[in-house]
Amino acid sequence: MDKINIQYYKTKVGELILGSFNDSLCLLDFRYRKMRTAIDSRIQKGLKANFIESDNQLLEKTRQQLDEYFSGNRKEFDIPLLMVGTDFQKNIWQALLKVPYGTTSTYLQLAKNIDNRKAVRAVANANGANAIGIIIPCHRIIGTDGSLVGYAGGLPAKKRLLKLEVHGA
């Protein structure tokens, strides 16, 4: 069976779990989120691989780019990504990648962006199932009324990420 190299990484917004598979990042998520088991299971089944705690160049590069992001010196990441999910989920995650640094969008706007305005709830669920947080910026999605809504790392982490992007480190 193949392996997914994982590392745990403490940041100012919480402890993250990073995972790489065949030179692509397949996991960048909050270590202690509610959906941890479901997401880990989806990735391991989807890639037919097990987690092995081991470091490599890609995970090192990811940590470096995260440090640059958290210090306000990086607005875009150039890490190869491997999204593991349904076609619909991947479509939503691709749409999330288009939400620019320092801006926000809504679930409704994302649904419109994929030409399916009735899919707001499904868009929200796909957003919540995102396993490559921060790089695929699900934290930039807010409620239609402008409120901060659900986030894997908790609302304080979401607020901190948005503040970092709008006001700098």
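Relevant structure appears above.
Note that the structure is predicted; figures quoted are calculated from it, not measured.

Quick look at the pairing of strand β3 (residues 24-30)
- When you tally the buried positions in β3, you get 7 out of 7 residues, the bulk of the element.
- In this sheet, β3 lies alongside strand β2 (residues 14-21) in antiparallel orientation, the contact comprising 6 bridges. Considered in β3, the bridge of Ser-20 is made with Leu-25.

Looking at unusual backbone geometry
- Phi at Asn-22 is positive, roughly 50°, even though this residue is not glycine.
- Relative to the assigned elements, Asn-22 resides in the loop between β2 and β3.
- For Asn-22, a relative accessible area of 61% puts it in the exposed group.
- Even without being glycine, Asp-115 reaches a positive phi, approximately 60°.

Some thoughts on the nonpolar core
- Within the largest apolar cluster, 39 residues are counted, with the highest numbers of intra-cluster contacts made by Leu-25, Leu-28, Leu-66, Tyr-69, Phe-70, Val-123 and Ile-134.
- Sorting the residues of this core by element identifies β2, β3, α2 (57-70), α3 (87-97), α4 (107-113), α5 (120-128) and α6 (155-167) as the ones contributing at least two each.
- Among the elements that take part in this core, α2 stands out by supplying 5 residues, more than any other.
- Excluding residues within four positions of it along the chain, Val-123 makes contact with Phe-88, Ile-92, Tyr-107, Leu-110, Ala-111 and Ile-114.
- Counting residues in hydrophobic clusters, the runner-up holds 12 residues, among them Ile-4, Ile-6, Phe-21 and Val-84.

Focus: the side chain of Thr-62
- Position of Thr-62 relative to the elements: it lies in helix α2.
- The buried category is assigned to Thr-62, whose relative accessible area is 0%.
- Beyond its immediate sequence surroundings of up to four residues, Thr-62 is in contact with Leu-18, Leu-25, Leu-28 and Ile-79.

Topic: the packing of α3 against α5
- Close contact between α3 and α5 brings their axes to 9 Å; oriented N to C, the two are set at 80°. One element, α3, and the other, α5, form an angle in the roughly perpendicular class. Between α3 and α5, the residues in contact are Phe-88, Gln-89, Ile-92, Trp-93 and Leu-96 and Ala-122, Val-123, Ala-126 and Asn-127, respectively.
- Looking at the contact of α3 with α5 residue by residue, the class counts come to 7 nonpolar, 2 polar and no charged.

Focus on the sheet that holds β2
- What the 4 strands build is an open sheet, ordered β3-β2-β1-β4; its pairing is mixed. The sheet is open, and its two edges are formed by β3 and β4 (49-53), each paired on a single side. Averaged over all pairs of adjacent strands, the angle between their axes in this sheet comes to 30°, without regard to strand direction.
- Across the face of the sheet, helix α1 (residues 36-47) comes into contact with β1 (2-11), β2, β3 and β4 while running at roughly 170° to β3.

Cut-offs used in this document
Residues numbered from 1 in each chain as written. Predicted model: local features only at pLDDT ≥ 70, side-chain atom pairs only at ≥ 80, totals over all residues. Heavy atoms only, no water. Buried < 20%, exposed > 50% of the residue type's maximum accessible area, 1.4 Å probe, protein only. Helix = DSSP H or I, 4+ residues; strand = E, 2+ residues; numbered from the N terminus. Pairing = 2+ DSSP bridges. Core = buried A, V, L, I, M, F, W, Y, C linked by side-chain atoms within 4.5 Å. Contact = heavy atoms within 4.5 Å. Axes fitted to C-alpha atoms, helices over the stretch in contact; angles between N-to-C directions. Parallel < 35°, antiparallel > 145°, perpendicular 65-115°, else oblique. Nonpolar A, V, L, I, M, F, W, Y, C, P; charged D, E, K, R; others polar.

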